[in-house]
Amino acid sequence: QVRLVESGGGLVQAGGPLRLSCAASGGTLSTYTMGWFRQAPGKEREFVAASTRSGTYYGDFVKGRFAISRDNAKNTAYLQMNSLKAEDTAVYYCAAGLGGPFKYDYWGQGTQVTVSS
């Protein structure tokens, strides 16, 4: 059973950066596809980014502002977010799976990101 714990969320001003971390235990991160999703109040969960063996994928709204990465030695994935906008405010979740970039088996509890305008 893989356990994922996100951290790094918080309050940031519009235009600023924030880096989220996702620490994994109970499994070897390098064998999994890692993904980030977000959910804003009253909205459906939205795909943000994924890191697979074949490459990285991003949601259309990212437009070069976010970058997903991983440190397999630390069993940790990251989401670097730059040029944040008020509409990026949401709970961000990391996920791990053995399928493609949009199918996941394990989820973290989420971390709140609030962007003030």
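Definitions and limits used
- Residues numbered from 1 in each chain as written.
- Predicted model: local features only at pLDDT ≥ 70, side-chain atom pairs only at ≥ 80, totals over all residues.
- Heavy atoms only, no water.
- Helix = DSSP H or I, 4+ residues; strand = E, 2+ residues; numbered from the N terminus.
- Rg over C-alpha atoms; globule rule 2.2 N^0.38 Å.
- Buried < 20%, exposed > 50% of the residue type's maximum accessible area, 1.4 Å probe, protein only.
- Contact = heavy atoms within 4.5 Å.
- Areas by Shrake-Rupley, 256 points an atom, 1.4 Å probe, with all protein chains shown as cover.
- Pairing = 2+ DSSP bridges.
- Polar contact = N/O pair within 3.5 Å; in protein donor to acceptor, adjacent residues only side chain to side chain.

Caption draft 1: Structural context of the overall build of the chain. Counting its secondary structure elements, the chain contains zero helices and 11 strands. Taken from N to C terminus, the helices and strands of the chain fall in the order β-β-β-β-β-β-β-β-β-β-β. For a compact globule of 117 residues, the expected C-alpha radius of gyration is about 13 Å, and the chain comes in at 13 Å, within 12% of that figure. Its C-alpha atoms put the chain at 40 × 25 × 25 Å along the principal axes. Residues classed as buried in the chain amount to 44% of the 117 residues present. Of all intrachain contacts in the chain linking residues separated by at least 6 positions in sequence, the fraction that spans at least 24 positions is 56%. Of the roughly 6,100 Å² of accessible surface on the chain, 48% is carried by carbon and sulfur atoms.

Caption draft 2: Just the environment of Cys 22, in detail. Here Cys 22 shows up in strand 3 (residues 18-25). Separated by 71 residues in the primary sequence, Cys 22 and Tyr 93 have C-alpha atoms spaced 8.7 Å apart. Apart from residues no more than four positions distant in its own chain, Cys 22 is found in contact with Leu 4, Val 5, Glu 6, Met 34, Trp 36, Asn 75, Thr 76, Ala 77 and Cys 94.

Caption draft 3: Quick look at the pairing of strand 4 (residues 33-39). Counting buried residues along strand 4, six of its seven residues qualify, which places the element largely inside the surrounding structure. Where strand 4 lies against strand 9 (residues 90-97), seven bridges are found, and the strand directions are antiparallel. Along strand 9, the bridge assignment pairs Phe 37 with Tyr 93. Examined bridge by bridge, strand 4 and strand 5 (residues 46-52) share five bridges and lie antiparallel to one another. Among the inter-strand pairings, Gly 35 is bridged to a residue of strand 5, identified as Ala 50. Connecting the antiparallel pair strand 4 and strand 5 is a turn made up of six residues, with Gly 42 showing a positive phi of about 75 degrees.

Caption draft 4: Spatial organisation of the side chain of Asn 75. Tracing the sequence through the fold places Asn 75 in the loop between strand 7 (66-71) and strand 8 (76-81). At a separation of 2.8 Å, a polar atom in the side chain of Asn 75 contacts the main-chain carbonyl oxygen of Gly 27. Within the structure, Asn 75 has its side chain in polar contact with the backbone nitrogen of Leu 29 (distance 2.8 Å). When residues no more than four places from it in sequence are discounted, the contact partners of Asn 75 are Cys 22, Ala 23, Ala 24, Gly 27, Thr 28 and Leu 29.

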